[in-house]
Amino acid sequence: VEHRFITPRWLNSIAPSVRPGGRFELRTDDRDNFEWMLRALKAPGSLWTIEDENWDVHRGNPRASELPLGEVTLFERIYIRAGKPIHRVVARRERT
């Protein structure tokens, strides 16, 4: 836990680099890490709003393992092929 990259402090430190209303997306195959990211985005004083959270982005897509790089990352493709769900959160910078 002490080495997690996404923290409330880090999220708020990057907020000035994102225009108000701007969005970014985080993906992971690790459920614990995903839950951690969601808590960080929802922490008191957060400058971010969660617009979408998806616990299995590719569910129902029988061809997910064939998606080209650019639509998925190399690691995402590896985990899809291994049958692991990919979790995604889309966050929007609050207008302050």
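In what follows, the structure referred to is the one given above.
In this text, all values refer to a predicted model and were calculated from it rather than measured experimentally. (Residues numbered from 1 in each chain as written. Predicted model: local features only at pLDDT ≥ 70, side-chain atom pairs only at ≥ 80, totals over all residues. Heavy atoms only, no water.)

Draft legend 1. Broad picture of a nonpolar patch on the surface. Together, Leu69, Leu74, Phe75 and Ile78 line one region of the surface with nonpolar side chains, adding up to about 420 Å² of accessible area. Within the element layout of this structure, Ile78 appears in helix 3 (residues 74–81). (Patch = residues over 30% accessible without salt bridge, like charges linked within 9 Å, V, L, I, M, F, W, Y side chains within 5 Å. Areas by Shrake-Rupley, 256 points an atom, 1.4 Å probe, with all protein chains shown as cover. Salt bridge = Lys/Arg side-chain N within 4 Å of Asp/Glu carboxyl O. Helix = DSSP H or I, 4+ residues; strand = E, 2+ residues; numbered from the N terminus.)

Draft legend 2. A look at the nonpolar core. Ranked by internal contacts, the top residues of the largest apolar core, which has 15 residues, are Ile6, Leu11, Phe24, Leu26, Leu41, Trp48 and Val89. At the level of secondary structure, the elements contributing two or more residues to this core comprise helix 1 (8–14), strand 1 (23–28), helix 2 (31–42) and strand 3 (87–93). If one sorts the elements of this core by residue count, helix 2 sits on top with five residues. The contacts of Ile6, once residues within four sequence positions are left out, are Leu11, Leu26, Trp36, Met37 and Ala40. (Core = buried A, V, L, I, M, F, W, Y, C linked by side-chain atoms within 4.5 Å. Buried < 20%, exposed > 50% of the residue type's maximum accessible area, 1.4 Å probe, protein only. Contact = heavy atoms within 4.5 Å.)

Draft legend 3. Looking closely at the layout of surface pockets. Empty space within the largest pocket amounts to approximately 150 Å³. Lining the largest pocket are Glu25, Leu26, Arg27, Thr28, Asp29, Thr73, Phe75, Glu76, Tyr79 and Ile86. Those elements giving two or more residues to the lining of the largest pocket turn out to be strand 1 and helix 3. Top contributing element to the lining of the largest pocket by residue count: strand 1, with four residues. Broken down by class, the residue content of the lining of the largest pocket amounts to four nonpolar, two polar and four charged. (1 Å grid on protein atoms, 1.4 Å probe; cavity = no way out; pocket = protein on both sides within 12 Å on 5 of 7 lines; lining within 4 Å. Points joined across faces, edges and corners; volume = space filled by probe spheres on them. Nonpolar A, V, L, I, M, F, W, Y, C, P; charged D, E, K, R; others polar.)

Draft legend 4. Geometry of the packing of aromatic side chains. For the coordinates displayed, the defined rule picks out three aromatic pairs. Relative to Trp10, the ring of Phe5 has its centre 4.6 Å away and its plane inclined at 50°; by these criteria the two rings are tilted. Given the relative accessible area of 58%, Phe5 is considered exposed. Both rings, one in Phe34 and one in Trp55, keep their centres 4.7 Å apart while their planes meet at 90°; by these two values the pair is edge-to-face. Of the two residues, Phe34 sits in helix 2 while Trp55 sits in the loop between strand 2 (48–54) and helix 3, which places them 21 residues apart along the sequence. A residue is classified by how much of its surface remains accessible, and Phe34, at 0% relative accessible area, is buried. Taking NZ or CZ as reference, Lys84 lies 5.2 Å from the ring centre of Tyr79, over its face. (Phe/Tyr/Trp six-rings, centres within 6.5 Å; stacked < 30°, edge-to-face > 60°. Lys NZ or Arg CZ within 6 Å of the ring centre and 35° of its normal.)

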